[in-house]
Amino acid sequence: MDRPAVAVLFGGRSSEHSISSATAGGVLRAIDRDRFRVIPVGITRDGVFVLEDDDPDKFALDASRLPEVVDNGTRVLWPEPGPDRTLRVRRADGSVDDLGAVDVVLPILHGVHGEDGTVQGFFDTLGLAYAGGGVLDSALCMDKHFMKIVLQAAGVLVSPWVTVTPARWERDPEGVRAEAAALGEPVFVKPARAGSSVGVSKVHDETELAAALELAFAEDDKVLIEQAISGREIEVAILEGRGGAAPRASLPGEIVLTTREFYDFEGKYLGGDGADVVCPADLTDDQITAVQELGVRAFDAVDGRGLARVDFFLTTDGVYVNELNTMPGFTPISMFPKCWIASGMTYGELISELIDTALER
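In this numbering scheme, every chain counts its residues from 1 along its sequence in written order. Reporting in this predicted model follows two pLDDT cut-offs: at least 70 for local features of residues, and 80 or more for side-chain atom pairs to be given and counted; totals over whole chains, interfaces and linings ignore these cut-offs and use all residues. Based on all heavy atoms of the structure, the side-chain values leave hydrogens and waters out of the count.

## Description of unusual backbone geometry
To be explicit about the condition: By the criteria applied, helices consist of DSSP H or I runs no shorter than four residues and strands consist of E runs no shorter than two, each listed in order from the N terminus. The rule is simple: take the accessible area with a 1.4 Å probe, protein chains only, and divide by the maximum for that residue type; under 20% is buried, over 50% is exposed, in between is partly exposed.
Here E185 and P186 are connected by a cis peptide whose omega angle stands at 0 degrees. Along the chain, P186 turns up in the loop between α6 (173-182) and β9 (187-191). For the bond from C279 to P280, the omega torsion is 5 degrees, close enough to zero to count as cis. As for its position among the elements, P280 is in the loop between β15 (275-278) and α9 (285-301). One non-glycine residue with positive phi stands out, namely H113, at about 60 degrees. Note on placement: H113 falls in the loop between β7 (104-107) and α2 (118-126). Taking the relative accessible area as the measure of exposure, H113 reaches 35% and is therefore partly exposed. For D303, which is not glycine, the phi torsion reads 60 degrees and is therefore positive.

## Quick word on the sheet that holds strand β1 (residues 5-11)
Our working definition: Any two strands with at least two DSSP bridges between them are considered paired. Each axis is a line fitted through C-alpha atoms, taken for helices only over the stretch in contact, and angles between the N-to-C directions span 0 to 180 degrees. Throughout, a residue-residue contact means that at least one pair of heavy atoms, one from each residue, lies within 4.5 Å.
With respect to topology, 4 strands assemble into an open sheet ordered β3-β2-β1-β7, the strand pairing being mixed. Each edge of the open sheet carries a strand with a single partner, namely β3 (49-51) and β7. Pairs of neighbouring strands in the sheet enclose a mean axial angle of 30 degrees, with direction left out of account. As paired elements, β1 and β7 share 4 bridges and run parallel to each other. Each bridged residue has a counterpart across the sheet, and for V8 the counterpart in β7 is L106. Sheet contacts for helix α11 (residues 347-360): β1 and β7; angle to β7, the most-contacted strand, approximately 135 degrees.

## Points about the pairing of strand β14 (residues 253-257)
Looking down a regular strand, the side chains alternate between one sheet face and the other. Across 3 bridges, the pairing between strand β12 (residues 232-239) and β14 is antiparallel. Following the sheet pairing, E233 is matched in β14 by I255. Bridge analysis of β14 against β15 gives 4 bridges, and the strand direction is antiparallel. Along β15, the bridge assignment pairs E254 with V278.

## Describing the packing of aromatic side chains
To be explicit about the condition: Put simply, two rings from Phe, Tyr or Trp (the six-membered ring, in Trp's case) pair if the centres are within 6.5 Å, and we call them stacked under 30 degrees between planes, edge-to-face over 60, tilted for the rest.
The tally for this structure, following the rule as stated, stands at 9 aromatic pairs. Judged by centre distance (5.0 Å) and plane angle (75 degrees), the ring pair of F10 and F59 falls under edge-to-face. One end of the pair, F10, is in strand β1; the other, F59, is in the loop between β3 and β4 (75-77), with 49 residues separating them in the sequence. Judged by its relative accessible area of 0%, F10 falls in the buried class. Where F49 meets F122, the ring centres are 6.1 Å apart and the plane angle is 25 degrees; that geometry is what we call stacked. One end of the pair, F49, is in strand β3; the other, F122, is in helix α2, and 73 residues separate them in sequence. The class of F122 is partly exposed, set by a relative accessible area of 32%. Among the aromatic residues, those joined into a ring-pair cluster are F49, W78, F122, F123 and Y130.

Functional significance is not addressed by these values, which are geometric in nature.
Laid out in structure tokens, this is it:
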């Protein structure tokens with residue numbers, strides 16, 4: 001039997017390009033080559049689809065070097081809608097090579113133009129199967145403003161917030177400051193549609209608000225000012241159920257901050273001190289059940305598909321959902337794989353699970 005061909009898609013136009021590329025390194029190293037034929041497809045920062053090297057070491061992530069997809073002159077030609085699933089590549093000299101039929105795309109893209117429903121809609125239009133979230137859940141969870149509205153409607157606790165645009169900030173700064181002050185201190189200021197803690201600031205008093213908004217507006221023209229919730233940072237990994245079964249939740253993990261103010265980019269990806277990823281988290285059986293059930297409930301509320309990581313604040317007042325990530329950090333040291341590894345699944349098996357779910361769908 002022929003192995004299904006998997007186009008591993010990574011890079012992209014967002015500020016999380018390097019994290020997506022680093023994830024590709026881990027996936028290319030761990031994917032089951034006995035079961036799948038791999039076609040690495042990179043997206044440059046300018047949005048060009050190129051045929052990349054099938055070389056995990058090329059995309060290793062460390063503090064001195066952030067990997068990226070560069071334009072090597074090739075152009076990946078996706079199959080048009082219809083029965084012909086042949087993927088082709090046009091070389092720099094103009095010649096076109098046949099890469100064979102592609103069965104499924106594994107889009108390990110973070111941020112806009114990848115995690116926001118746009119690339120999902122592209123593959124829906126082409127009629128290509130793909131792993132992970134669909135158009136709706138990807139778009140909803142990429143926009144933290146609308147994600148909170150949907151979760152609130154489902155009766156899920158979320159942290160109080162104010163949404164601000166550059167026009168509103170310019171027109172009514174005092175009104176924005178008053179609404180921010182009503183949330184108490186400190187607050188978090190974050191882009192509505194970015195991830196990996198890019199553009200996020202912890203604001204301790206009103207003198208820091210303007211600079212935090214400027215940093216966040218550099219990433220997005222919609223920004224959230226959020227009340228800081230004091231509690232343990234717990235995360236649960238969710239996988240779509242197979243064969244009509246309910247979604248599954250992993251054992252919870254915990255972000256334990258020692259010297260960092262919050263779990264920032266360096267702490268997440270560059271091995272910075274002051275933040276530890278602990279999985280499984282030290283919780284009671286009742287607490288584990290509560291966050292697992294709430295994770296599945298939040299996943300269902302956004303019409304989740306494929307996978308998600310659900311982030312919580314566990315407080316004395318209850319469990320708050322901070323956000324859902326429909327393509328969470330997927331490097332071998334990221335929380336999502338660690339939670340499933342702690343639950344009895346290997347990194348390679350997790351990749352196979354995502355692909356198999358997409359092929360079944």
